[in-house]
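Architecture at a glance
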Amino acid sequence: MSFYPFGGGSSQQQAAVNAQNVAMAEHELEMITDTFYRIVDSCYKKCIPPKYIDAELNKGESVCIDRCVAKYFEVNTKVGEALQKKGQQA
Amino acid sequence: MQMVQDSCIFKSALSGVLGFGLGGLFGMFFSSFEMTPYNPAVYEQPMKQQLKATAKDMFQRSSSMAKNFGIVGALFSGTECIIEGYRAKNDLYNGAAAGCITGAILAAKSGPQNVLIGCAGFAAFSTAIDYYMRRE
């Protein structure tokens, strides 16, 4: 017999919803971290030749990395859109 | 701060200032060999006049060389930075192209043949120096 029916029920509901949110947030964090490492790896391989004369990035390399990251995200978006369209068609 | 230091305008201005300073020093050094309007009558005059004439020649020589070196430095560095920013690569071709453009601009008043010679010469010089600096 509780005098707080909504309090008890909603706190249980909150706990379940929060667990789901937390799982989603964890999954999203994993995806973002994975994307980050893929970008770093791919753009490092493409833009930075294995000649280590100077420790700092010179102008060509930093411009290349800017462009590489921008292209990666754009490719990501386009592929996502194409996939979504395919999903809607099928 | 890093972005400002990486920008082409900053690099060009820095090269211009350094070229200006270096050109001033070179001008003072070269003026010690002889005075440019060769005038032996100067050496008959009293000491103070000689010093004034020498100082004037030194100042003229060093300021003209400083201006030339400054312009060359700013031009070369600016064009190299722009070309490198466009290509997004860092190799010897940037210096060669920038040298060609700078040599061509410097020789622009002397006719088309001199423009080609200036381009080739400055490009070769710049590539040689770059190659030497990049050896591991």
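Predicted model only: the values in this text are computed from it and were never measured.

**Quick notes on the UniProt feature "transmembrane region" (unreviewed entry) in chain B**
Feature annotation in UniProt assigns "transmembrane region" (unreviewed entry) to the following positions: residues 12–33 of chain B. Summarising residues 12–33 of chain B: 86% helix, 0% strand, and an end-to-end C-alpha distance of 32 Å.

**With respect to the packing of aromatic side chains**
Aromatic ring pairs: the centre-centre distance and the angle between the two ring planes describe each pair. Residues and elements named next belong to chain B. A complete count under the given rule lists 8 aromatic pairs over all chains for this structure. Taken together, a centroid distance of 6.1 Å and an interplanar angle of 85° make the contact between F122 and F125 edge-to-face. Here the residue F122 and the residue F125 both occupy positions in helix α5 (residues 112–134), the gap between them amounting to 3 residues, near one helical turn. Through successive ring pairs, a cluster of aromatic residues spans F26, F29, F30, F33 and F69.

**A few points about the UniProt feature "domain: Tim10-like" (unreviewed entry) in chain A**
Within this structure's numbering, the places UniProt gives as "domain: Tim10-like" (unreviewed entry) are residues 23–85 of chain A. The span residues 23–85 of chain A is 83% helical and 0% strand by assignment, and the distance between its end C-alpha atoms comes to 27 Å.

**What about the interface of chain B and chain A?**
Taken together, the 14 residues of chain B in the interface contact 9 residues of chain A. Overall, the association of chain B and chain A removes approximately 900 Å² of surface from exposure, summing both partners, and the carbon and sulfur fraction of that is 51%. Summed over the shared surface of chain B and chain A, the number is 0 salt bridges. The interface formed by chain B and chain A holds 4 residue pairs in polar contact (both at pLDDT 80 or more) in total. For the side of chain B that touches chain A, the secondary structure elements donating two or more residues are α1 (2–6), α2 (8–30) and α3 (47–87) of chain B.

**Structural notes on the domain arrangement of chain B**
When cut into domains, chain B gives domain 1 (1–74) and domain 2 (91–136). Once you take the C-alpha centre of each, domain 1 of chain B and domain 2 of chain B turn out to be 23 Å apart.

**Considering the environment of S12(B)**
Residue and element names in this part refer to chain B. As for its placement among the helices and strands, S12 is situated in helix α2. Judged by relative accessible area, S12 falls into the buried class, the value being 16%. Residue contacts for S12: discarding those within four places in its chain leaves A74, S77 and G78.

**Structural notes on a nonpolar patch on the surface**
Residues and elements named next belong to chain B. Together, L22, L25, F26, M28 and M58 make up a nonpolar patch on the protein surface, roughly 430 Å² of accessible area in all. The element contributing the most residues to the nonpolar patch is α2, with 4 residues. Mapped onto the secondary structure, F26 falls in helix α2. On the basis of relative accessibility, which here comes to 34%, the residue F26 falls in the partly exposed class.

**Some details on the packing of α2(B) against α3(B)**
Residue and element names in this part refer to chain B. Look at α2 against α3: their axes get within 6 Å of each other, and the N-to-C directions meet at 150°. Here α2 is positioned roughly antiparallel relative to α3, judged by the angle of their axes. The two elements α2 and α3 cross, and the hand of that crossing is right-handed.

Reading the values: rules and limits
- Residues numbered from 1 in each chain as written.
- Chains lettered and ligands numbered in written order.
- Predicted model: local features only at pLDDT ≥ 70, side-chain atom pairs only at ≥ 80, totals over all residues.
- Heavy atoms only, no water.
- UniProt positions renumbered as here; feature names shortened; annotations may be inferred.
- Helix = DSSP H or I, 4+ residues; strand = E, 2+ residues; numbered from the N terminus.
- Phe/Tyr/Trp six-rings, centres within 6.5 Å; stacked < 30°, edge-to-face > 60°.
- Contact = heavy atoms within 4.5 Å.
- Buried area = accessible area lost by both parts, 1.4 Å probe.
- Salt bridge = Lys/Arg side-chain N within 4 Å of Asp/Glu carboxyl O.
- Polar contact = N/O pair within 3.5 Å; in protein donor to acceptor, adjacent residues only side chain to side chain.
- Domains from an automatic or database assignment.
- Buried < 20%, exposed > 50% of the residue type's maximum accessible area, 1.4 Å probe, protein only.
- Patch = residues over 30% accessible without salt bridge, like charges linked within 9 Å, V, L, I, M, F, W, Y side chains within 5 Å.
- Areas by Shrake-Rupley, 256 points an atom, 1.4 Å probe, with all protein chains shown as cover.
- Axes fitted to C-alpha atoms, helices over the stretch in contact; angles between N-to-C directions.
- Parallel < 35°, antiparallel > 145°, perpendicular 65-115°, else oblique.
- Left-handed = near helix turned anticlockwise from the far one by under 90°.

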